[in-house]
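The lines below spell out each chain.
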Amino acid sequence: MAALCSMSMLAQNEYLPITVAVQDIVEPYPATAKVQLTNKLNRMLVDQGIASLNNNGQFVLTAFMIPQDKDVLAGPPMQIIETMSANLYIADVVQQTVLATMEQPVKGLGKDETRAYMDAIKHLNTTSPKVAEFIQTGKAKIIDYYNNESPRIIKEAKVLSEMHEYEKALYMVTAIPAQCKFYDEALQLSLDIFHAYQDYACQKLLAQAKMAWAAEQNKVGAEKAGQFLGQIYPDAACYGDAMGLYKEIKDKVLEDWHFEMKIYQDQVDLEKQRIEAARQVGIAYGNHQQPVTTYMGWMR
């Protein structure tokens, strides 16, 4: 439920089905540069009022740091000024289409090339009017895509749900942004699918928990059973039975078992919590798919 705790922090931002994806940084630059650039791009989205779904989907925000020039200051101490071009893209990696692009010159200073490169990333501007225009252009084209494609997506999600492929169905339908004209229909469908997913998953998880506990009615068995019980949602039809098993195990192992069943934080914003939980199921499914960075070489 940790994702639910982050809702208040993201409340001021609007979700957009866009993933920050940065390809591996090659030598002589360190692998940590990839993390730094990824963080900078995430910051860029937040600064523009967007909370990324990060669902490994078809829309990405990425950047390529292209060295342009290098000056050496004799010192002492000797320092290097690295002049770079940050080439930013918002793209559809499925259709291999660039939706928005911009170029931002940056400079970095350091005692060697690596530190100068890292310093250049640090100076990437995330709030300039040009950045805002770049993000808004990409956002508008993503929304246009969903305005055109949502009927197909909704229809396919319904079919997947009927086949018990709930995670994939939620991955597809929860990606439809709130600005899309089909959002209300998609939102209701996501809640219906999530409810079916809860009941379906609950039966499987409860059966696995019972098997784990029956095999070893001790702390070890309790820990194994808890791994399954901890995934059961409070709205699931078999949640009462799961609570019964939880109490049985708790009475048996007493204080040696530190575990609590999943509950919603409060009774006030249940709808929001269900929406967020459904979204997180979709995101988890997307994150287990092949990384989108595999398909980004064509942009350069």
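(A) Here's a closer look at the sheet that holds strand S4 (residues 59-73). Read across the open sheet, the four strands follow the order S2-S4-S5-S6; overall the sheet is mixed. Each edge of the open sheet carries a strand with a single partner, namely strand S2 (19-20) and strand S6 (97-110). With 14 bridges connecting them, S4 and strand S5 (residues 79-92) associate as antiparallel partners. Within S5, the residue paired with Leu73 across the bridge is Gln79. On the sheet, helix H4 (residues 113-122) packs against S4, S5 and S6 and is oriented at approximately 130° with respect to S6.

(B) The arrangement of the environment of Tyr285 in detail. Along the chain, Tyr285 falls in helix H10 (residues 270-287). Taking the C-alpha atoms as reference, Tyr285 lies 6.4 Å from Tyr171; in sequence the two are 114 residues apart.

(C) Spatial organisation of the pattern of salt bridges. Using the criterion set out here, one finds ten salt bridges in the structure. A salt bridge links Glu276 to Arg279; its shortest N-O distance comes to 2.7 Å. Of the two residues, Glu276 and Arg279 are both situated in helix H10; the distance of three residues between them amounts to about one turn of the helix. Overall, Glu276 belongs to the buried group, its relative accessible area being 2%. The class for Arg279 is buried, based on a relative accessible area of 10%. Each of Glu149, Arg152 and Glu156 takes part in salt bridges that share partners, so that together they form one network.

How each quantity is defined
- Residues numbered from 1 in each chain as written.
- Predicted model: local features only at pLDDT ≥ 70, side-chain atom pairs only at ≥ 80, totals over all residues.
- Heavy atoms only, no water.
- Pairing = 2+ DSSP bridges.
- Helix = DSSP H or I, 4+ residues; strand = E, 2+ residues; numbered from the N terminus.
- Contact = heavy atoms within 4.5 Å.
- Axes fitted to C-alpha atoms, helices over the stretch in contact; angles between N-to-C directions.
- Salt bridge = Lys/Arg side-chain N within 4 Å of Asp/Glu carboxyl O.
- Buried < 20%, exposed > 50% of the residue type's maximum accessible area, 1.4 Å probe, protein only.

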